[in-house]
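Given next are the chains, with one letter for each unit.
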Amino acid sequence: MPRPLIGITTYVEESTRYGVWDVPTSLVPTGYYELVQAAGGTAVLLPPDEPGSAAEVLSRLDGLVVAGGPDVDPVRYGAERHPRTGAPATKRDEWELALIGAALAAGMPVLGICRGMQALNVALGGTLIQHIDGHAVAPGVMSWHPVRPVPQTRYAALVPEEAEVPTYHHQAVDRLGRGLIASAHAVDGTVEAIELPDAAHWVLGVQWHPERDKDTRVMASLIEAASLTSAARV
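Just so we're clear, the structure is a prediction, and the values are computed from it rather than from any experiment. (Residues numbered from 1 in each chain as written. Predicted model: local features only at pLDDT ≥ 70, side-chain atom pairs only at ≥ 80, totals over all residues. Heavy atoms only, no water.)

Thoughts on the environment of Ser59
Structurally, Ser59 is set in the loop between α2 (54-58) and β5 (63-66). Sequence separation of Ser59 and Gly125 is 66 residues, and the distance between their C-alpha atoms is 24 Å. At 2.5 Å, the side chain of Ser59 forms a polar contact with the backbone oxygen of Glu56. (Helix = DSSP H or I, 4+ residues; strand = E, 2+ residues; numbered from the N terminus. Polar contact = N/O pair within 3.5 Å; in protein donor to acceptor, adjacent residues only side chain to side chain.)

Looking at the layout of surface pockets
Considered as a void within the structure, the largest pocket measures approximately 490 Å³ in volume. Together, 25 residues line the largest pocket, and Gly68, Gly69, Cys114, Tyr168 and His209 are the ones closest to its centre. Residue composition of the lining of the largest pocket, grouped by class: 12 nonpolar, 8 polar and 5 charged. (1 Å grid on protein atoms, 1.4 Å probe; cavity = no way out; pocket = protein on both sides within 12 Å on 5 of 7 lines; lining within 4 Å. Points joined across faces, edges and corners; volume = space filled by probe spheres on them. Nonpolar A, V, L, I, M, F, W, Y, C, P; charged D, E, K, R; others polar.)

Examining the environment of Gly68
Here Gly68 is to be found in the loop between β5 and α3 (90-106). On the basis of relative accessibility, which here comes to 6%, the residue Gly68 falls in the buried class. Spatially, the C-alpha atom of Gly68 lies 15 Å from that of Glu94, the residues being 26 residues apart in sequence. The residues touching Gly68, leaving out its near neighbours within four places in the chain, are Tyr11, Tyr32, Arg92, Ile113, Cys114, Arg115 and Gly116. (Buried < 20%, exposed > 50% of the residue type's maximum accessible area, 1.4 Å probe, protein only. Contact = heavy atoms within 4.5 Å.)

Quick look at the sheet that holds strand β9 (residues 163-167)
Within a beta sheet, neighbouring strands are joined by backbone hydrogen bonds and run either parallel or antiparallel to one another. The 9 strands are arranged β4-β1-β5-β6-β13-β12-β11-β8-β9 in an open sheet whose pairing can be described as mixed. Edge strands, defined here as strands with exactly one partner in the open sheet, are β4 (42-46) and β9. Neighbour-to-neighbour, the strand axes of the sheet open up by a mean angle of 25°, direction not taken into account. Bridging between strand β12 (residues 191-195) and strand β13 (residues 203-206) involves 3 bridges; their strand directions are antiparallel. For Ala193, the partnering residue across the bridge sits in β13 and is Val206. (Pairing = 2+ DSSP bridges. Axes fitted to C-alpha atoms, helices over the stretch in contact; angles between N-to-C directions.)

A look at the nonpolar core
The biggest cluster of nonpolar side chains holds 31 residues, and the ones touching the most others in it are Leu58, Leu64, Leu99, Leu104, Leu120 and Ile194. When residues of this core are traced back to their parent elements, those giving at least two are α2, β5, α3, α4 (115-123) and β12. The biggest single contributor to this core is α3, with 8 residues. Each residue touching Leu120, except ones within four places of it in the same chain, is listed here: Ile100, Leu104, Leu180, Ile194, Val203, Leu204 and Gly205. (Core = buried A, V, L, I, M, F, W, Y, C linked by side-chain atoms within 4.5 Å.)

Notes on α3
Since the α-helix advances by 3.6 residues per turn, residues separated by three or four positions end up pointing in the same direction. With 17 residues, α3 extends 24 Å from end C-alpha to end C-alpha; this agrees with the ideal 24 Å at 1.5 Å per step. Listing the buried residues of α3 in full gives Arg92, Asp93, Trp95, Glu96, Leu97, Ala98, Leu99, Ile100, Ala102, Ala103 and Leu104. Taken from the residues just after α3, Gly107 is the one with a positive phi, measuring 75°. (Expected span 1.5 Å × (residues − 1).)

With respect to the packing of α3 against α4
Across the interface, α3 lies against α4 with an axial gap of 10 Å and an inter-helix angle of 65°. By the criterion of interaxial angle, the relationship of α3 to α4 is roughly perpendicular. Pair α3 / α4 crosses with right-handed handedness. Each of Arg92, Asp93, Glu96, Leu97, Ile100 and Leu104 in α3 lies in contact with α4, whose residues at this interface are Arg115, Ala119, Leu120 and Ala123. Here the residues of the contact of α3 with α4 sort into 6 nonpolar, no polar and 4 charged. (Parallel < 35°, antiparallel > 145°, perpendicular 65-115°, else oblique. Left-handed = near helix turned anticlockwise from the far one by under 90°.)

Quick notes on the environment of Leu99
If you trace the backbone, Leu99 turns up in helix α3. A sequence separation of 64 residues divides Leu99 from Ala163, and the C-alpha atoms of the two residues are 30 Å apart. Apart from residues no more than four positions distant in its own chain, Leu99 is found in contact with Thr9, Leu46, Ala54, Leu58 and Leu64.

Brief notes about unusual backbone geometry
With the exception of glycine, the majority of residues adopt a negative phi angle, and the majority of peptide bonds are in the trans configuration. Of note in the backbone geometry, Cys114 takes a positive phi value of approximately 55° without being a glycine. In this structure, Cys114 sits in the loop between β6 (110-113) and α4. Here the phi dihedral of Gln152 falls at roughly 65°; this positive angle occurs in a residue that is not glycine. Considering the arrangement of structural elements, one finds Gln152 in the loop between β8 (143-149) and α5 (154-158).

So this is what it looks like as structure tokens:
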């Protein structure tokens, strides 16, 4: 059985320097695809594309990881912009929300990481808290804090203990999207994981950065679910 193909969203930086070049670049930190590989999958990087092509792109894949990054534009969930909210990333919002919608419609396994979790919540009609303190200690520096699983959730079945996780965010889930439940919290009550409780459809979002950790349990579960997608597609 071939390893399942897991698409990972990437994002565009308009000025990226390497060698003698300074050019726009579509990129994602190496930890994302290394985590997919370590968990038994094959990583496929997905640069931004036309939203209308999302279903076609996903038809060739077995699972989707929506990566971290800048704030989701509050216009996507009908809110006024907070002074601390970052500049809009319109093309990224359009592309990733289209991918999430197409993946959910197809029953494809989905893992949202940090921004990806927030985008998942927004895609299902939820809202975000546009600024919280204490979950990003300094620019470019990961902090660690414990998260507590909610009993009898998918996440708790994967990670039943309180776990220290790497975190870097200033926004969080507010109102949960359609069908979603919270499956982990920080000590301060911040929602740290969300999921669809449908046992037949693997959909999970985590607010932290598992690609910066050595714990592969969450990703390995996505790969296992994607293997079933792969077998069905063959």
